[in-house]
Structure formats: structure tokens, C-alpha cells
Amino acid sequence: MEESSSAYIIRHIIIDFICVACVAIPAAVFKWGVSPYHRGFYCNDESLMHPFKDSTVTSAVLGVVGAGVPILTIILVEGLTYRFKKPLTVDAKLFKLGNLRINRFVFNCYKYIGLLIFNIFVNQFFTDVGKYSIGRLRPHFFAVCKPDYSKFNCSSGYIESYVCTGTDSYNLKNARLSFPSGHASMSFASMLYLTLYIQYRFQWKGSHLLKHVLQIIAMMLAFACTLSRVSDYKHHWSDVLGGAVLGCIVTICVVVGTTDFFRPIIDPNLYAARKKNDRCDITTSPKSSTVDPVAHEQEFNIQNMA
């Protein structure tokens with residue numbers, strides 16, 4: 001690949017940050033400027049009568065593990081790949097920003113970590129849209145809201161007009177954001193991305209099972225997080241199921257649409273041998289050569305992206 005100009009690199013980075021901001025800013029808008037849909041309840045709804053408990057997996061832990069583990073894994077894998085795997089050509093994946101040369105390690109870390117962050121924010125955007133538009137009540141709603149039963153008649157059935165006597169404004173708003181589960185969607189979005197990344201980029205031949213063990217660990221972390229949301233009475237089982245499905249769908253769409261995870265990888269030695277044979281065929285019999293220039297160029301581009 002030819003070296004890119006500083007202007008091209010800067011423009012590329014700026015556009016990337018704008019794209020991430022376009023899906024990240026709505027999360028702040030929902031959190032601070034939007035009220036969830038006001039949904040009613042039945043007085044005898046036992047699914048809303050659970051006690052309020054602290055989260056086993058807090059939002060801080062979710063953020064650190066959900067983003068930190070994939071980022072550290074990407075840095076480690078790309079570092080080992082850069083150290084031990086020879087590129088197809090000298091200075092492959094080399095960019096230049098002023099007098100600073102950007103090697104393949106930095107470029108790949110930027111690419112895969114950037115796509116991870118983009119995936120997380122896209123998932124959060126869809127999760128917030130679901131939460132605030134549906135306004136489903138959490139299993140501990142009665143414990144947080146503490147509705148004033150003197151203001152309505154339970155015998156009338158579905159209660160839409162009621163007053164909460166609870167004083168914790170944060171928990172009162174949060175008690176209406178049950179579906180889909182943000183913990184489930186976030187954990188599955190990040191860990192599925194990590195699983196697909198490991199499948200594509202982890203090329204160590206020392207063990208056939210290590211790659212799959214790492215993938216199982218990643219998905220088990222996501223699964224354990226979702227189970228804790230039900231046992232902590234933060235979500236109904238359908239909330240975490242919906243969040244997990246949402247996280248997987250968003251990640252698959254982002255990965256298929258923006259990454260090279262599912263594109264074939266051409267072995268450098270095989271490519272060199274085929275290139276040499278092609279040259280011999282062209283030299284000895286130009287008219288009989290079956291080399292497709294377009295396919296040949298596409299094959300080279302695919303290898304350079306690895």
C-alpha cells in the first residue's frame with residue numbers, strides 16, 4: 001500500500017470521530033434530556049413487587065470489562081502479530097503523518113479499537129431508543145416508586161394516573177427503563193465483537209483449542225452478566241433476552257458492514273508462488289494466460305488488509 005498524505009490521514013480521523021460522535025451524543029441526550037414513557041400497572045402485578053437490590057455488575061464494572069477486555073486483547077494480539085508475522089511486502093500498511101511514520105500495529109489497533117467503540121455506541125443508541133419509548137417497569141418498581149394507594153382505586157384495574165412517594169429521582173426514572181436490558185446488550189455487543197475478532201486475527205498455530213477457549217470465556221462473561229440482572233431483580237427475563245439479541249444483531253451488522261473479518265485471507269507464501277507462476281505464464285505464453293487482472297488486484301488488496 002502506498003504511503004498516505006498527512007491531510008488524508010487527518011481527514012480520515014476527523015470523519016471517524018464525527019461518525020462516533022453522531023451515535024454517542026444521543027446517549028447523553030437520552031440520559032439527561034428525555035423522560036421515559038409513562039406506563040401504568042396493575043396493583044396485583046407480582047412481577048413488580050420484588051425488593052430493590054444493588055447491582056452485582058455495576059455500570060462502572062460493565063464499562064471497564066466490556067470495553068477494557070476487548071481493547072487489551074486487541075492490543076496484545078496486534079502486538080504479537082506485528083512482532084512475529086512478516087508482512088506481505090516491506091512497509092506494508094505504512095502511513096505517514098508529517099514526519100511520523102505509522103506502522104501496521106498502530107494502524108490495526110486504531111482500526112479495530114475504533115470499530116469496537118463505534119459498535120458499542122451504536123448498540124447503546126438502539127438500546128436507549130427501546131428503553132425510553134417503551135418505558136417498561138422494572139421488577140422492583142413498587143419498592144422504588146412507593147405509589148400512594150390513597151390516590152387511586154386498585155379495583156378499577158389498570159392504573160395509569162398515580163403518584164410515587166419515593167424521593168430518589170434517579171431510581172424513579174431508572175425504574176421505567178427495563179426493556180431492553182442495557183447490561184445484556186452492551187455485554188453481548190462487546191464480547192461478540194471480541195469473539196469474532198479473535199476468530200479472524202488470532203492466528204497462533206501452537207494450539208487448535210486456545211482460540212476457542214478464549215471465545216468461550218468472552219461469551220460466558222456476557223452470559224453471566226445477563227443472568228445477574230435477573231437475580232438482582234433489575235430486569236425481567238424477557239428484558240435480558242431482548243438486550244442480548246439486540247447486542248448480537250447490532251454487532252453482526254457492524255462487523256459485516258465495516259470490518260474485514262469475513263473476507264478470505266490469502267497466505268503470503270501462496271500468493272508469492274502464484275504471482276511467480278503467473279509471471280512465468282505471461283512471459284512464455286502471453287495469449288494463453290488465464291490471469292484475471294481485476295481478480296488478481298482484488299486478491300492483493302485482500303491480503304494487504306490482513
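Look up: the structure comes first, before these words.
These notes cover the structure that comes with them. Owing to the predicted nature of the structure, the values given are computational and were not obtained by experimental measurement. (Residues numbered from 1 in each chain as written. Predicted model: local features only at pLDDT ≥ 70, side-chain atom pairs only at ≥ 80, totals over all residues. Heavy atoms only, no water.)

**Side note on the overall build of the chain**
Looking only at helices and strands, the chain has 10 helices and two strands in total. In the chain, the succession of helices and strands from N to C terminus is α-α-β-β-α-α-α-α-α-α-α-α. The buried share of the chain, reckoned over its 306 residues, is 38%. Summarising the internal contacts of the chain: among those between residues at least 6 apart in sequence, 83% fall at separations of at least 24. Total accessible area on the chain stands at roughly 17300 Å², and carbon and sulfur atoms take up 66% of it. (Helix = DSSP H or I, 4+ residues; strand = E, 2+ residues; numbered from the N terminus. Buried < 20%, exposed > 50% of the residue type's maximum accessible area, 1.4 Å probe, protein only. Contact = heavy atoms within 4.5 Å. Areas by Shrake-Rupley, 256 points an atom, 1.4 Å probe, with all protein chains shown as cover.)

**Topic: the pattern of salt bridges**
Between side chains of opposite charge, pairing is possible as soon as their charged atoms come close. With the rule as written, the count across this model stands at two salt bridges. Put simply, Arg201 and Glu78 hold a salt bridge, and the shortest N to O gap is 2.8 Å. Taken together, the positions of Arg201 in helix 6 (residues 182-201) and Glu78 in helix 2 (residues 59-84) put the pair 123 residues apart, joining distant regions of the chain. Between Arg136 and Asp239 there is a salt bridge, with its nearest N and O atoms 2.8 Å apart. Highlighted residues: Arg136 in the loop between helix 3 (104-134) and helix 4 (141-145) and Asp239 in helix 8 (residues 237-258), separated in sequence by 103 residues. The partly exposed category is assigned to Arg136, whose relative accessible area is 28%. (Salt bridge = Lys/Arg side-chain N within 4 Å of Asp/Glu carboxyl O.)

**Focus on the nonpolar core**
By size, the foremost hydrophobic cluster in this structure holds 27 residues, and its most contacted members are Ile74, Tyr112, Tyr193, Tyr197 and Phe261. Elements supplying a minimum of two residues to this core: helix 2, helix 3, helix 6, helix 7 (210-231) and helix 8. Sort the elements by how many residues they give to this core and helix 6 lands first, with 10 residues. Beyond its immediate chain neighbours, meaning those up to four positions away, Phe261 contacts Tyr112, Tyr193, Leu196, Tyr197, Tyr200 and Val255. Counting 13 residues, the second largest nonpolar core, distinct from the first, contains Leu137, Phe141, Tyr162 and Ala175. (Core = buried A, V, L, I, M, F, W, Y, C linked by side-chain atoms within 4.5 Å.)

**Regarding unusual backbone geometry**
The omega angle of the peptide bond from Phe179 to Pro180 is -10°, so this bond is cis rather than trans. Mapped onto the elements of the fold, Pro180 is located in the loop between helix 5 (169-174) and helix 6. In this model, Tyr233 sits at a positive phi of 60°, which is unusual for a non-glycine residue.

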